[in-house]
Amino acid sequence: MYSIRKKLSIILVASSIIAILLTSLFVNLSINNTFNKYLADNQTKRDIRIVEYFQEVYKRDGKWSKNSGSEMMHEAYMSNYCLTLLDNSKKQVWGMNPNDINEKAHLTKLNSENSGVYSSKYHEIKSGKNIVGYVVIGQYSSVLLSNDDINFKTSVNESIAISVIVTLLITILISLYISKQFSIPIKAVSDMSVDLSKGNFNSRSNSTSNITEIESLLTSINTLGEKLEQQDVIRKRLVSDISHEIRTPLNILQNNLEAMIDGLFPITIERLISLNDEVIRFGKLLNNLNTLKKFESEQIPLICEYIDVKEVIYSVCEDFSSLLKGKNIMLNYSVNNKVNYIILGDKDKLKQVFINLISNAVKFNRNDGYIDVTISKSNSKIMVNIKENGIGIKKEDLPFIFERLYRGDKSRHEIEGNGIGLTVVKNILLIHSASIEVKSEIGEGSEFIVKFKNVENT
């Protein structure tokens, strides 16, 4: 097993070495081919120049002799090629010995397959349109190198080799740096995921990256850690709240029954009624938990029909009229009666949603407060806003108010309830493909926004 940094470094370095070696090979081949072509072109120009020289010699002398162009021998000897002058009948006028240049120690051949093989070419010498002779140019290689040519080619190869070595070193350093930039944040994510799997939900990563995907991964794993930590807090609080909700009525029943058994309390109708109320309260808690379980497992059957939201809400508001008068709470109902707010859903289940929302608006409101209920409509959505000016919800509690048995701060605990209503509301809306949002400020009240799909445009 390799670490991601080591694996990434190996891949980058290996890829870079292969790329550099292939590039240097192609560059070397390209330079050699270009250089060989350059030498071949020079050699062709040399041959043309020699022919033109002998043409001038014949034009000057009018015939061939053993001295015709003999001064070219020295140049040919120094340049490692042989010259032979023939007349128009191909009889030798004069010629050089190929063995003389073969023995020269500085002779170098580019083509190893032609090493030691002497080759020659015949070139016509013309005077006007007539062929007056031939010059034979022979050499031991198709292309010859001078000392300057050899030095140039050697320096080019050395430069390529040095460039390869320097480039490899720079590439290795860059590869190590890049692998470090990738591996450090990814390793941080890996370490954090291990911590989270071990239950250390407060683990966080402080690593950053300028790579969008890796930065998104770091943000996501930190967000996951925060949510797991929050869920762990909620889970512990849930156990505590359930224990408290169950223990309270049981303790009251036990203490009162023990007192009656011991004769400390007389057995009266009033006391038995009080104990029965505790049994009923305990039963309601269990029924609420069972209802929530059914909603979460989607075991509640829906009787769907086309309904007008304003009629459902108006019915619910009428049911709360006496309670609102008792607390002197003003209910403002804003809706356009000429518009139909048609949705598809279970009327009884949706009525339960608005009963819970308005009940909370009353419960957590203040005397002489107000509740604003507004229904609006767009092309794709029907929105119901329920706003009150009660005690409000703390900012840190807002993300969790739809969690089961979550009841926020202590001031909300003082009000009767078991923290299940909003969870049921959210689950009913989910199975209706609807959504709910909440806005709230401490001391200024809360606003719940329910959004339904407008079926008139489907």
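What you see is a predicted model, and the numbers here were worked out from it, not measured in a lab. (Residues numbered from 1 in each chain as written. Predicted model: local features only at pLDDT ≥ 70, side-chain atom pairs only at ≥ 80, totals over all residues. Heavy atoms only, no water.)

Let us now look at the overall build of the protein chain. When you go through the protein chain residue by residue, the secondary structure sums to eleven helices and eleven strands. Relative to its full complement of 458 residues, the protein chain shows a buried share of 36%. Contacts in the protein chain between residues at least 24 apart in sequence constitute 68% of all its contacts with a sequence separation of at least 6. Carbon together with sulfur atoms contributes 54% to the accessible area of the protein chain, which is approximately 27400 Å² in total. (Helix = DSSP H or I, 4+ residues; strand = E, 2+ residues; numbered from the N terminus. Buried < 20%, exposed > 50% of the residue type's maximum accessible area, 1.4 Å probe, protein only. Contact = heavy atoms within 4.5 Å. Areas by Shrake-Rupley, 256 points an atom, 1.4 Å probe, with all protein chains shown as cover.)

Counted under the stated rule, the structure contains eleven salt bridges. Among the ionic pairs, Lys187 bridges to Asp191, the shortest N-O distance being 3.1 Å. Taken together, the residues span about one helical turn, with Lys187 and Asp191 both in helix α4 (residues 147–197) at a distance of four residues. When its relative accessible area of 36% is taken as the criterion, Asp191 is described as partly exposed. Among the ionic pairs, Glu437 bridges to Lys451, the shortest N-O distance being 3.3 Å. Of this pair, Glu437 sits in strand β10 (residues 435–441) while Lys451 sits in strand β11 (residues 445–453), and the two are 14 residues apart along the sequence. On the basis of relative accessible area, Glu437 is assigned to the partly exposed category, the value being 37%. (Salt bridge = Lys/Arg side-chain N within 4 Å of Asp/Glu carboxyl O.)

With that settled, consider the sheet that holds strand β1 (residues 82–87). In spatial order, the strands read β2-β1-β4-β3; together these four strands make up an open sheet with antiparallel pairing. The two strands at the open ends of the sheet, each matched to only one other strand, are β2 (92–95) and β3 (119–127). For this sheet the average axis-to-axis angle between neighbouring strands, irrespective of direction, equals 20 degrees. Bridging between β3 and strand β4 (residues 130–139) involves nine bridges; their strand directions are antiparallel. The residue bridging Ser119 from the neighbouring strand is Gln139, located in β4. In the packing of helix α1 (residues 4–61) onto the sheet, the strands contacted are β1, β2, β3 and β4, and the crossing angle to β4 comes to about 140 degrees. (Pairing = 2+ DSSP bridges. Axes fitted to C-alpha atoms, helices over the stretch in contact; angles between N-to-C directions.)

In this section: the UniProt feature "transmembrane region" (unreviewed entry) in the protein chain. Per the UniProt record, "transmembrane region" (unreviewed entry) is annotated on residues 12–31 and 160–178. Between the first and last C-alpha atoms of residues 12–31 the distance is 28 Å; the span itself is 100% helix and 0% strand. End C-alpha atoms of residues 160–178 are separated by 26 Å, and the span's content is 100% helix alongside 0% strand. (UniProt positions renumbered as here; feature names shortened; annotations may be inferred.)

To continue, consider the environment of Gln352. Assignment of secondary structure puts Gln352 in helix α9 (residues 347–363). Each C-alpha atom of the pair Gln352 and Val425 lies 7.7 Å from the other, and the pair is 73 residues apart in sequence.

In spatial order, the strands read β6-β8-β9-β11-β10; together these five strands make up an open sheet with mixed pairing. One side of each edge strand has no neighbouring strand; the edge strands of this open sheet are β6 (330–334) and β10. The average angle at which neighbouring strand axes cross in this sheet is 10 degrees, direction not considered. Bridge count for β6 against strand β8 (residues 370–377) is five bridges, and the pairing is parallel. Directly across from Leu331, in β8, lies its bridge partner Ile371.

Let's shift gears to the nonpolar core. Within the largest apolar cluster, 41 residues are counted, with the highest numbers of intra-cluster contacts made by Phe354, Leu357, Val384, Ile386, Leu429 and Phe452. Secondary-structure elements contributing two or more residues to this core are α7 (309–319), α9, β8, β9 (381–388), α11 (421–431), β10 and β11. Residue contributions to this core peak at seven residues, all from α9. Those residues in contact with Val384 that lie beyond four places of it in its chain are Val309, Ile313, Phe354, Thr374, Ile375, Phe448, Ile449, Val450 and Phe452. Counting residues in hydrophobic clusters, the runner-up holds 21 residues, among them Val51, Trp64, Trp94 and Ile125. (Core = buried A, V, L, I, M, F, W, Y, C linked by side-chain atoms within 4.5 Å.)

With that out of the way, let us pick up the packing of α7 against α9. Contact geometry for α7 and α9: axes closest at 9 Å, N-to-C directions at 50 degrees. Looking at the two axes, α7 sits oblique to α9. In this structure, α7 meets α9 at a crossing whose hand is right-handed. Contact residues: Val309, Val312, Ile313, Ser315, Val316, Cys317 and Asp319 in α7; Lys347, Leu350, Lys351, Phe354, Ile355 and Ile358 in α9. In terms of residue class, the contact of α7 with α9 is built from nine nonpolar, one polar and three charged. (Parallel < 35°, antiparallel > 145°, perpendicular 65-115°, else oblique. Left-handed = near helix turned anticlockwise from the far one by under 90°. Nonpolar A, V, L, I, M, F, W, Y, C, P; charged D, E, K, R; others polar.)

This paragraph deals with α1. Its 58 residues give α1 an end-to-end C-alpha distance of 84 Å, which sits within 8% of 86 Å, the value for a rise of 1.5 Å per residue. Within two residues after α1, Gly62 carries a phi angle of roughly 80 degrees, on the positive side. (Expected span 1.5 Å × (residues − 1).)

Quick look at unusual backbone geometry now. At Asn80, a position not held by glycine, the phi torsion is positive, near 70 degrees. Secondary-structure assignment places Asn80 in the loop between α2 (72–78) and β1. Phi angles above zero are rare outside glycine, and Asp368 is one such case at about 70 degrees. Within the secondary structure layout, Asp368 lies in the loop between α9 and β8. Judged by its relative accessible area of 55%, Asp368 is exposed.

For the coordinates displayed, the defined rule picks out ten aromatic pairs. Both rings, one in Phe35 and one in Tyr38, keep their centres 6.2 Å apart while their planes meet at 25 degrees; by these two values the pair is stacked. Residue Phe35 and its partner Tyr38 are located together in helix α1, separated by three residues, close to a single helical turn. The exposure class assigned to Phe35 is buried, which follows from its relative accessible area of 9%. Centre to centre, the rings of Tyr118 and Tyr140 are 5.0 Å apart; their planes meet at 65 degrees, and the pair counts as edge-to-face. Within this pair, whereas Tyr118 is found in the loop between α3 (98–102) and β3, its partner Tyr140 is found in the loop between β4 and α4, the two being separated by 22 residues in sequence. The partly exposed category is assigned to Tyr118, whose relative accessible area is 30%. Using a relative accessible area of 5% as the deciding quantity, one classes Tyr140 as buried. (Phe/Tyr/Trp six-rings, centres within 6.5 Å; stacked < 30°, edge-to-face > 60°.)

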